[in-house]
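Each chain, written out:
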Amino acid sequence: MKYDPTAIEEKWQKKWEEEKTFSVTEDQSKPKYYLLEMFPYPSGKIHIGHVRNYTIGDVVARYKRMKGHNVLHPIGWDAFGMPAENAAIEHKIHPAKWTHENIDHMKMQLKRMGFSYDWDREVATCDPKYYRWEQLFFIWMVEKGLAYKKRSTVNFCVKCDTVLANEQVEGGLCWRCGEEVTEKVLDQWFFKITAYIEELLDYCDKLPGWPERVMTMQKNWIGKSYGCEVDFPLIGSEGAIKVFTTRQDTLFGATFMLVAAEHPLVMELAKGKPCEGEVRSFVEKVKKQDKLMRTSEYYEKEGLFLDSYCRNPLTGGEMPVYAANFVLADYGTGCVMAVPTHDQRDFEFAKKFNLPLIVVISPKDKMLDPATMTEAYVDEGILVNSGQFDGMENTKVLEAIADFLEAQGKGKRTIQYRLRDWGISRQRYWGAPIPMINCDLCGIVAVKEEDLPVVLPENVVFSPEGGSPLAALKEFVDTTCPKCGGKARRETDTMDTFVESSWYFDRYCSPDCDTKPGLDRKKLDYWMPVDQYIGGIEHAILHLLYARFYTKMLRDFGVLGVDEPFTNLLTQGMVCKETTKCPEHGYVFPEQAADGKCHLCGKDIIIGKTEKMSKSLKNVIDPDYLVKTYGADTARMFCLFAAPPEKDLEWSDQGVDGSFRFLGRLWRIFDEYVEDIKTVAPASAGTASDGELKALRRKTHQTIRKVTIDIEDRFHFNTAISAVMELVNTLYAFGRPAKENTAALAVVREAIEAAVLLLCPIVPHMTEELWQMLGHKTPASDMPWPVFDPAIACEDEMTIVIQINGKLRSRMTVSVDEGEEKIKNNALADEKIISFIGDLNVHKVIYVPGKLVNIVAR
RNA sequence: GCCUGGGUGGCGGAAUUGGUAGACGCAAGGGACUUAAAAUCCCUCGACUCUUGCAGUUGUGUGGGUUCAAUUCCCACCCCAGGUACCA
């Protein structure tokens, strides 16, 4: 019989669907295992990145299931977001319709891949049954001060016509569309993620199951730094300029003061002075430049003297105050003490404006002369020109100076963070409405809990000019105040879609719960936390940090009993492919570049760099095409075989052929034996065998051992597959036993069954089919994972390598239980070894058990 | 600049704790089967040298070091990828 993937795959998929094979409930008798892959945005079609991500997850889910775990493996849709709204504007299709059509199509595609999802738990975040609870949490957050409204300058993307969180600005560009980000002043809702900042940071060291680099990225993003807040009294007027510094050791070298151009103090100081007009135009100029300049390589340091002075609190020296374009208004106090001798930026600024330099840290081996310095000295050293602190090491004096400042009342220790609160207001339609009402009399009032959800109205008008369609819908906006009953207006901003993805994994545990708070604590206590989370590295900061915060908050609301949502995290690499380019028609799809010629003009195709698959580069592989040509099993196998999951995967058409060929090979060897082994029981623990049979059994059990370790400990499916390939190769090399030789056929059957079960999580359709053809009534996926017998897996002979001075010279085969002395003597008696040693004296003989003998001879 | 990773045949990748470098697959070459092709099955396959052998030398980005032994540990450097960036 020929291998026909389509027929087999559709048969089993139908069965899984009809029998709800993978639907689960809380079962106290089994250990639970919650396996989660990052849910997709329903953009229209699944792409190869999804296929890889979900295949990795599916293998683990199926493996754990065979290992006896009660596996929760859900899927859903991150269904709110801009593309739906853009489609509405461009194609005049309602976002809801567009989204649901996409979901239907993608759902079909996922089912066609044979993923073992519990489809009963499917969740779409655009469903009011989902976001109503998010609105409830929002109200609670407002009550607890964890959500608040603030007028602030925000990152704004003109193209997307919406606000972006700091985390969503990448190098000054919008993370989604790549448009230049501008600033805008708006009333915005914020989530007080900073309320949990210390806990978020703490747990960075308490999540051993997360990749080191993700934790590092999060730590850096939180950006905790210790320092002092120091007051620099103004000369000639009241008050002082407050400065944050981590380098109080350089305080004696502070010779001028820098204030962020946007800082209100700038205009205050300049007010009424001759420089006022000049300062104002400088501030305007910087405000306009700011975002543009920040992305530029050559950021010109500019500043303007404010005709004001302050006093260095330790030296008493007069310090001119400058407005500067390179000082950040929203970090620290927005003012910086400048120490030109020990900070490169300050040094450049001082040179430009001819400001004084005082060396306060001296390297141990030489003297610094301010007159001849060409750059700031930023390394460690001994304090000089620093009064009572002279002679101390700068790294050790930090505490002493902080103590001194506190004792003198001139400053105090403080901690600064880089992380800001999370701005979640979006001026978009297709998102969860913020359940707030603006009343002229009562101010901002929350919608009553019993009035939730605030349903997103459908009958809105989309205009290409942007602007929120919600704000334009009178019947939505006009409402009554829940407090005074008077006329009031609804909040028309919607929430950032990262809010929905911050708790969808909780919702999966009780997807149909329709009583407050929408999460069934009992069920959550059973399933949470997620044991294994799998997704792209691109979410290392944004989604993962938000989800961690939201989890801690829900815990404090009593909704949830865990501190962290994801115990183990696997970040899988991207899928890449070489680009194909026609000199005339630009990037072309791979199928348009067959035989190296452009399909339009016949010109030679230029093979470009290997890059992440993307529509714009046209270096994409259509999963539908793959499934149609090779079947889902081959697509799954190739995704796993070509590279370990955390690495980028380079797509190779030949590689896919290779995977397909292997499945065919397995199929054929099976087909060759199936009639003969159908009636034979597989070899089992008690079966004794020797010679070739013993060797095959050994290989079988070694393969079980290797595959189990590779999947369990490392998720290295590529080496697991290699191991099964080796077993299949061994079967091909094995002499075909006669029909009557049931002892031999039992061993063959054991090997074939092992191969089938070991591959079951990877290529579930084909293995189910083979399993059934063997006469089994229980499906392969319901079988326990095979166990190996160490006694059978154990070799009875071993090859010992003989080295002389670390160089491989000979090898010998000995029994595994051979003693050390005998092995050493054998090695020394080896003919080749004797001739190599020649006149040399043997100093030492080292034996590494089971591996080698190294003879040290001089 | 800083923080992470990483650099192994023609290619994707193995080598789990310092102990036989290159498993497995792809590509390539050869053979078998076939009228032929495809498919399939088998064999060879890092480089160099010669005395062509169960041979020797060399070889895991570069240069040093530790060790009986280094792809693996240490130091310095080069390159690549990701993150981040005037954070005071």
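Right above here is the structure, for reference.
Given the structure is predicted, the values throughout are model-derived calculations rather than measurements. (Residues numbered from 1 in each chain as written. Chains lettered and ligands numbered in written order. Predicted model: local features only at pLDDT ≥ 70, side-chain atom pairs only at ≥ 80, totals over all residues. Heavy atoms only, no water.)

> Outline the sheet that holds strand E23 (residues 478–480), listing residues and values.
Spatially, E22-E21-E24-E23 is the arrangement adopted by the four strands of the open sheet, whose pairing is antiparallel. The sheet is open, and its two borders are formed by strand E22 (443–446) and E23, each paired with just one other strand. Sheet twist, expressed as the mean angle between neighbouring strand axes with direction ignored, is 45 degrees. Of the strand pairs in this sheet, strand E21 (residues 436–439) and E22 are connected by four bridges, and their pairing is antiparallel. Among the inter-strand pairings, Ile-437 is bridged to a residue of E22, identified as Val-445. (Pairing = 2+ DSSP bridges. Helix = DSSP H or I, 4+ residues; strand = E, 2+ residues; numbered from the N terminus. Axes fitted to C-alpha atoms, helices over the stretch in contact; angles between N-to-C directions.)

> Could you give an account of helix H3 (residues 82–91), naming the residues involved and the relevant values?
Every buried residue belonging to H3 is among Met-82, Ala-84, Glu-85, Ala-87 and Ala-88, and all of these are buried. Each element contacted by the buried residues of H3 is listed here: helix H4 (95–112) and strand E6 (162–164). Directly beyond the C-terminal end of H3, a positive phi value near 55 degrees is found at Lys-92. (Buried < 20%, exposed > 50% of the residue type's maximum accessible area, 1.4 Å probe, protein only. Contact = heavy atoms within 4.5 Å.)

> Describe the environment of Lys-219, listing the residues and the values that go with them.
Topologically, Lys-219 is positioned in helix H7 (residues 212–222). Counting along the chain gives 15 residues from Lys-219 to Cys-204, while the straight-line C-alpha distance between them is 7.0 Å. Leaving out residues up to four positions away in the same chain, Lys-219 has contacts with Leu-201, Cys-204 and Asp-205.

> Any chance you could break down the packing of aromatic side chains for me, citing the residues and the numbers?
For the structure shown, the criterion picks out 45 aromatic pairs. Aromatic pair Trp-422 and Phe-549: ring centres 6.3 Å apart, planes at 75 degrees, arrangement edge-to-face. Of this pair, Trp-422 sits in strand E19 (residues 422–423) while Phe-549 sits in helix H16 (residues 542–556), placing them 127 residues apart in sequence. Accessibility classification places Trp-422 together with Phe-549 in one group, the buried group. Among the aromatic residues, those joined into a cluster by ring pairs are Phe-138, Trp-189, Phe-191, Tyr-196, Trp-422, Phe-498, Tyr-546 and Phe-549. Directly above the aromatic system of Phe-326 lies the positively charged group of Lys-301, at a separation of 5.5 Å from the ring centroid. One cation-aromatic arrangement involves Lys-552 over Tyr-203; the distance from NZ or CZ to the ring centre is 3.9 Å. (Phe/Tyr/Trp six-rings, centres within 6.5 Å; stacked < 30°, edge-to-face > 60°. Lys NZ or Arg CZ within 6 Å of the ring centre and 35° of its normal.)

> Could you give an account of the sheet that holds strand E32 (residues 797–804), with specific residues and numbers?
With mixed pairing, the four strands of this open sheet are ordered in space as E33-E32-E35-E34. The open sheet has two free edges, formed respectively by strand E33 (807–815) and strand E34 (842–848), since each of these has just one partner strand. Pairs of neighbouring strands in the sheet enclose a mean axial angle of 20 degrees, with direction left out of account. Here E32 runs beside strand E35 (residues 852–857); their pairing, made up of four bridges, is parallel. Following the sheet pairing, Val-801 is matched in E35 by Leu-852. In the packing of helix H25 (residues 820–829) onto the sheet, contacts are made with E32, E33, E34 and E35, and the angle to E34 comes to roughly 125 degrees.

> Residue-level account of the pattern of salt bridges, with values.
Per the counting criterion, the structure on display carries 58 salt bridges. Here Glu-18 ties to Lys-14 by a salt bridge, and the two come within 3.8 Å at their closest N and O atoms. Linking Glu-18 with Lys-14, this pair stays in helix H1 (residues 5–19), spanning four residues, or about one helical turn. For the pair formed by Glu-18 and Lys-14, the shared burial category is exposed. Through salt bridges with shared partners, a single network forms among Glu-199, Arg-548, Lys-552, Arg-555, Asp-556, Asp-563 and Glu-564. (Salt bridge = Lys/Arg side-chain N within 4 Å of Asp/Glu carboxyl O.)

> Explain helix H23 (residues 764–773) to me, and be specific about the residues and the numbers.
Counting buried positions along H23 gives nine out of 10 residues, so the element sits mostly inside the fold. Those residues of H23 hidden inside the fold are in contact with H1, helix H2 (48–66), helix H18 (632–641), helix H19 (653–677) and helix H22 (742–759). Count one or two residues on from H23 and you reach Gly-775, which has phi positive near 100 degrees.

> Account for the packing of H3 against H4, naming residues and giving values.
Put simply, H3 and H4 touch, their axes get as near as 8 Å, and they point 120 degrees apart. It follows from the interaxial angle that H3 and H4 lie oblique. In the crossing of H3 with H4, the sense of the turn from one axis to the other is right-handed. In this structure, H3 uses Pro-83, Ala-84, Glu-85, Ala-87 and Ala-88 to contact H4, whose residues at the interface are Pro-95, Trp-98 and Thr-99. (Parallel < 35°, antiparallel > 145°, perpendicular 65-115°, else oblique. Left-handed = near helix turned anticlockwise from the far one by under 90°.)

> Help me get a handle on the pairing of strand E27 (residues 566–572), residues and values and all.
With five of seven residues buried, E27 is to be regarded as a mostly interior element. Sheet analysis places strand E26 (residues 530–536) next to E27, joined by six bridges and oriented parallel. Residue pairing in the sheet places Gly-535 in a bridge with Thr-571 of E27. In this fold, the crossover linking E26 to E27 by way of H16 has right-handed handedness. (Right-handed = clockwise from strand over helix to strand, strands pointing away.)

> Could you give me a rundown of the nonpolar core, with the residues and numbers involved?
In this structure, Tyr-34, Phe-191, Trp-422, Leu-554 and Trp-651 are the most contacted members of the largest nonpolar core, which totals 125 residues. Dropping the residues within four chain positions of it, Leu-554 is found in contact with Phe-137, Trp-503, Asp-506, Leu-519, Val-559 and Leu-560. Listed in part, the 68 residues of the second largest apolar core include Tyr-33, Ile-56, Phe-715 and Leu-727. (Core = buried A, V, L, I, M, F, W, Y, C linked by side-chain atoms within 4.5 Å.)

> Describe unusual backbone geometry, listing the residues and the values that go with them.
Omega for the peptide link from Leu-452 to Pro-453 comes to 0 degrees, which places this bond in the cis form. The linkage connecting Met-528 with the following residue, Pro-529, adopts the cis geometry, with an omega of 0 degrees. Looking at the element boundaries, Pro-529 is found in the loop between helix H15 (521–527) and E26. A positive phi angle, near 60 degrees, is found at Asn-354, a position not held by glycine. In this structure, Asn-354 sits in the loop between helix H10 (344–353) and strand E16 (361–362). The exposed category is assigned to Asn-354, whose relative accessible area is 71%.

> Please give an account of a negative patch on the surface that cites residues and values.
Residues Glu-578, Glu-650, Asp-653 and Asp-657 make up a contiguous surface patch of negative charge. The residue Glu-650 is located in strand E31 (residues 649–650) in this model. (Patch = residues over 30% accessible without salt bridge, like charges linked within 9 Å, V, L, I, M, F, W, Y side chains within 5 Å. Areas by Shrake-Rupley, 256 points an atom, 1.4 Å probe, with all protein chains shown as cover. Lys, Arg positive; Asp, Glu negative; His and termini not counted. Charge placed at Lys NZ, Arg CZ, Asp CG, Glu CD.)

> Could you give an account of the packing of helix H20 (residues 691–714) against helix H21 (residues 717–733), with specific residues and numbers?
Interaxial distance between H20 and H21 falls to 8 Å at its minimum, and their mutual angle equals 170 degrees. By the angle between their directions, the pair H20 and H21 is classed as roughly antiparallel. Only Phe-717, Thr-719, Ala-720, Ala-723, Val-724, Glu-726, Leu-727, Thr-730, Leu-731 and Ala-733 of H21 make contact with H20, whose side of the interface consists of Glu-692, Leu-696, Lys-699, Thr-700, Thr-703, Lys-706, Val-707, Asp-710, Ile-711 and Arg-714. Of the residues that constitute the contact of H20 with H21, the class distribution is 10 nonpolar, four polar and six charged. (Nonpolar A, V, L, I, M, F, W, Y, C, P; charged D, E, K, R; others polar.)

> I'd love a proper account of the side chain of Gln-416, names of residues and values included.
Summarising the element assignment, Gln-416 is placed in strand E18 (residues 411–416). At 3.4 Å, the side chain of Gln-416 and the backbone nitrogen of Gly-332 are in polar contact. Non-local contacts of Gln-416, meaning those with residues more than four positions away in its chain, are made with Gly-223, Lys-224, Ser-225, Phe-244, Tyr-331 and Gly-332. (Polar contact = N/O pair within 3.5 Å; in protein donor to acceptor, adjacent residues only side chain to side chain.)

> Go over the environment of Tyr-630 with me, naming the residues and quoting the values.
Assignment of secondary structure puts Tyr-630 in the loop between helix H17 (623–629) and H18. Judged by relative accessible area, Tyr-630 falls into the buried class, the value being 14%. Considered as a pair, Tyr-630 and Gln-248 are 382 residues apart in the sequence and their alpha carbons are 66 Å apart. With residues up to four places along the chain from it excluded, the contact list for Tyr-630 reads Pro-5, Asp-653, Val-656, Asp-657 and Phe-660. At 2.8 Å, the side chain of Tyr-630 and the side chain of Asp-657 are in polar contact.

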